[in-house]
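# Understanding the architecture of this molecule
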Amino acid sequence: MRNPSFYIILLVLVVLDAWLLAHPNLIGQAGVFFFDYSYLETFPKALGTVSVVVGLALLISWTIGRFSKPVSIGITTALLAASAYYLFQSFTQYNSGIYKLTGAGFRAGAILLPGLIVLVFGEGMLRRLRP
């Protein structure tokens, strides 16, 4: 835990993301019910979901750091690229079609989650590139 401010900011963003995902507008609430997104129905469930996803990304990033430097840089680069693609895909998906009607907060929360994954793997990449 070299940089505690990173983890404090990450914790604040996780709580913010959970709050945004748990508070869609009326159309978003219907979508959560219709598509059975029970893991987003309440703030505690959304907080658990976001925490598990970010926690797994942190665990993966920490585990990759145990490999040799070239291997860990290669794996982290691949995961960073995949998560950046997921962020781009989420951005395009939630800003078009029926998702545009779910409320700005819910859309921001849905886009912030892959952004948090990019943040975790990006920080892992910087940690591996530092001497």
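Refer to the structure presented above.
Let me sum up the structure you'll find in this document. (Residues numbered from 1 in each chain as written. Predicted model: local features only at pLDDT ≥ 70, side-chain atom pairs only at ≥ 80, totals over all residues. Heavy atoms only, no water.)

## A closer look at the overall build of the chain
- Secondary structure assignment for the chain yields five helices and zero strands.
- Partitioning the contacts of the chain with sequence separation of at least 6, the portion at a separation of at least 24 is 75%.
- Of the roughly 7800 Å² of accessible surface on the chain, a fraction of 75% belongs to carbon and sulfur atoms.
- When the 9 basic and 4 acidic side-chain charges of the chain are each reduced to a single mean position, those positions are 16 Å apart. (Helix = DSSP H or I, 4+ residues; strand = E, 2+ residues; numbered from the N terminus. Contact = heavy atoms within 4.5 Å. Areas by Shrake-Rupley, 256 points an atom, 1.4 Å probe, with all protein chains shown as cover. Lys, Arg positive; Asp, Glu negative; His and termini not counted. Charge placed at Lys NZ, Arg CZ, Asp CG, Glu CD.)

## Points about the packing of helix α3 (residues 43-64) against helix α5 (residues 104-129)
- Axis separation between α3 and α5 bottoms out at 10 Å; the angle between their running directions is 20°. Here α3 lies roughly parallel to α5, going by the angle between them. Crossing hand, α3 versus α5: right-handed. Contact with α3, carried on its side by Val-50, Val-53, Val-54, Ala-57, Leu-58, Ile-60, Ser-61, Trp-62 and Ile-64, involves Leu-113, Leu-116, Ile-117, Val-120, Phe-121, Gly-124, Arg-127 and Arg-128 of α5 and no other residues of that element. (Axes fitted to C-alpha atoms, helices over the stretch in contact; angles between N-to-C directions. Parallel < 35°, antiparallel > 145°, perpendicular 65-115°, else oblique. Left-handed = near helix turned anticlockwise from the far one by under 90°.)

## A word on the nonpolar core
- Leu-10, Leu-21, Ala-46, Val-50, Val-54 and Leu-116 are the most contacted members of the largest nonpolar core, which has 20 residues in total.
- Residue contributions to this core peak at eight residues, all from α5.
- In this structure, Leu-21 is in contact with Leu-40, Ala-46, Val-50, Phe-106, Gly-109 and Ala-110, ignoring residues within four places of it in sequence. (Core = buried A, V, L, I, M, F, W, Y, C linked by side-chain atoms within 4.5 Å. Buried < 20%, exposed > 50% of the residue type's maximum accessible area, 1.4 Å probe, protein only.)

## Quick look at the packing of helix α1 (residues 4-22) against α5
- Two elements in contact, α1 and α5, have axes separated by 8 Å at closest approach and are oriented at 160°. In terms of axis orientation, α1 runs roughly antiparallel to α5. Handedness of the α1/α5 crossing: left-handed. Of α5, the residues touching α1 (which contributes Phe-6, Tyr-7, Leu-10, Leu-13, Val-14, Leu-16, Asp-17, Leu-20 and Leu-21) are Gly-105, Phe-106, Ala-108, Gly-109, Ala-110, Leu-112, Leu-113, Leu-116, Leu-119, Val-120, Glu-123 and Arg-127.
- The residue inventory of the contact of α1 with α5, partitioned by class, reads 16 nonpolar, two polar and three charged. (Nonpolar A, V, L, I, M, F, W, Y, C, P; charged D, E, K, R; others polar.)

## A look at α3
- Its 22 residues give α3 an end-to-end C-alpha distance of 31 Å, which sits within 8% of 32 Å, the value for a rise of 1.5 Å per residue.
- The set of residues buried in α3 consists of Ala-46, Val-50, Val-54, Ala-57, Ser-61 and Ile-64. The arc that holds the buried residues of α3, viewed along the axis, is 80°, so those residues lie on one side. When the buried face of α3 is taken as reference, the exposed residues oriented beyond 90 degrees from it are Pro-44 and Val-52. (Expected span 1.5 Å × (residues − 1). Arc of directions from axis to C-beta.)

## Remarks on a nonpolar patch on the surface
- A surface patch of nonpolar side chains, amounting to about 490 Å² of accessible area, comprises Val-52, Leu-56, Leu-59, Ile-60 and Trp-62.
- Here Ile-60 lies in helix α3. (Patch = residues over 30% accessible without salt bridge, like charges linked within 9 Å, V, L, I, M, F, W, Y side chains within 5 Å. Salt bridge = Lys/Arg side-chain N within 4 Å of Asp/Glu carboxyl O.)

## Observations regarding the environment of Tyr-94
- Its place among the elements puts Tyr-94 in helix α4 (residues 69-94).
- The sequence separation of Tyr-94 and Ala-108 amounts to 14 residues, and the corresponding C-alpha distance is 8.5 Å.
- Residues within four places of Tyr-94 in sequence aside, it is in contact with Tyr-99, Lys-100, Phe-106, Arg-107, Ala-110 and Ile-111.

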